[in-house]
Amino acid sequence: MPLQSDDTLLFIGDSITDCGRDRQSDGPDSLGGGYVNEIARQLAMRQPPHEGWIRNRGNSGNRIYDIEQRLDADCLSLQPSVVFILAGINDVWRKFDSGVVSEIAEFQASFQRILERVRSEIGARIVILEPFLLPVPEDRRAWRVDLDPKIHGIRELAAKYASVYVPLDGLFAAECCHSPAAHWLPDGVHPSEAGHQLIAQAVLSRL
């Protein structure tokens, strides 16, 4: 999916996208310290950026329902031409730390409403980043029973709505053949610097 010189890019998601961004400005610090910032840095080397060309609206702790609730303010009102979304791991995490369950049908329906509105109301191209998980610590293995059906549901939606799908769960699993899981995701969820670099490269290779 080649980017155009006048494209405006928006990233929405949870803490993996947020990554300590400055919510008080749209300056360099507003991109956070993770994969969004790295994508911006590398794209800026391809062609000179224009004002407001990339924004990060990730929010730590958000589940898919929170992202849907904030969609008007965080996405639609900004009229981006390309929307990147990474969501789903908090919908799994809350089941195991708080007993709050996101049933697959409800999760997928909320995700679909987001995608439908983005496509129909602003006509943006959509890039879906697959949620991911590694067994660090070992108890994360039990989370797969909840995450895997959500990944399958997201893949079904991607076939209908996405211009690009980035299969991050499989990419992280593959990299564990070469480096320990903790090298990429120290707590099984949140990327290290190397993990953010992996995400950025996976996205950039498809743009």
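Look above for the structure.
Now for a look at the structure at hand. (Residues numbered from 1 in each chain as written. Predicted model: local features only at pLDDT ≥ 70, side-chain atom pairs only at ≥ 80, totals over all residues. Heavy atoms only, no water.)

1. Things to note about the pairing of strand E3 (residues 82–86)
Taken across its five residues, E3 has five buried, putting it largely inside the fold. Judged by which residues are buried, E3 turns out to be covered on both faces: Val82, Phe84 and Leu86 on one side and Val83 and Ile85 on the other are all buried. In this sheet, E3 lies alongside strand E1 (residues 9–13) in parallel orientation, the contact comprising five bridges. Each bridged residue has a counterpart across the sheet, and for glycine 13 the counterpart in E3 is leucine 86. Strand direction decides the pairing type here: E3 and strand E4 (residues 125–129), joined by five bridges, are parallel. Residue valine 82 lies in a different strand from E4, and its bridge partner there is arginine 125. (Buried < 20%, exposed > 50% of the residue type's maximum accessible area, 1.4 Å probe, protein only. Helix = DSSP H or I, 4+ residues; strand = E, 2+ residues; numbered from the N terminus. Pairing = 2+ DSSP bridges.)

2. Quick word on the pattern of salt bridges
When the charged atoms of two side chains lie near each other, side chains of opposite charge can form a pair. Evaluation of the coordinates by the stated rule reveals 15 salt bridges. Here aspartate 72 makes a salt bridge to arginine 117, at a shortest N to O gap of 2.9 Å. Of this pair, aspartate 72 sits in helix H4 (residues 71–74) while arginine 117 sits in helix H6 (residues 104–122); the two residues are 45 residues apart in sequence, bridging distant segments of the chain. The residue lysine 150 makes a salt bridge to aspartate 146 at a minimum N-O spacing of 3.0 Å. Of this pair, lysine 150 and aspartate 146 are both found in helix H7 (residues 144–161), four residues apart, which corresponds to roughly one turn of the helix. Note on lysine 150: relative accessible area 2%, which makes it buried. What you see here is one network of salt bridges that share partners, running through Asp72, Arg117 and Glu121. (Salt bridge = Lys/Arg side-chain N within 4 Å of Asp/Glu carboxyl O.)

3. Let's talk about the nonpolar core
Core analysis: the biggest nonpolar cluster contains 41 residues, and Tyr35, Phe84, Leu129, Phe172 and Ile199 have the highest contact counts within it. If one sorts the elements of this core by residue count, helix H10 (residues 193–204) sits on top with six residues. When residues no more than four places from it in sequence are discounted, the contact partners of tyrosine 35 are Phe11, Ile16, Thr17, Leu86, Leu129, His196, Ile199 and Ala200. In this structure, Ile67, Cys75, Phe111 and Ala124 belong to the second largest nonpolar core, which totals 23 residues. (Core = buried A, V, L, I, M, F, W, Y, C linked by side-chain atoms within 4.5 Å. Contact = heavy atoms within 4.5 Å.)

By themselves, these observations are geometric and do not establish any function.
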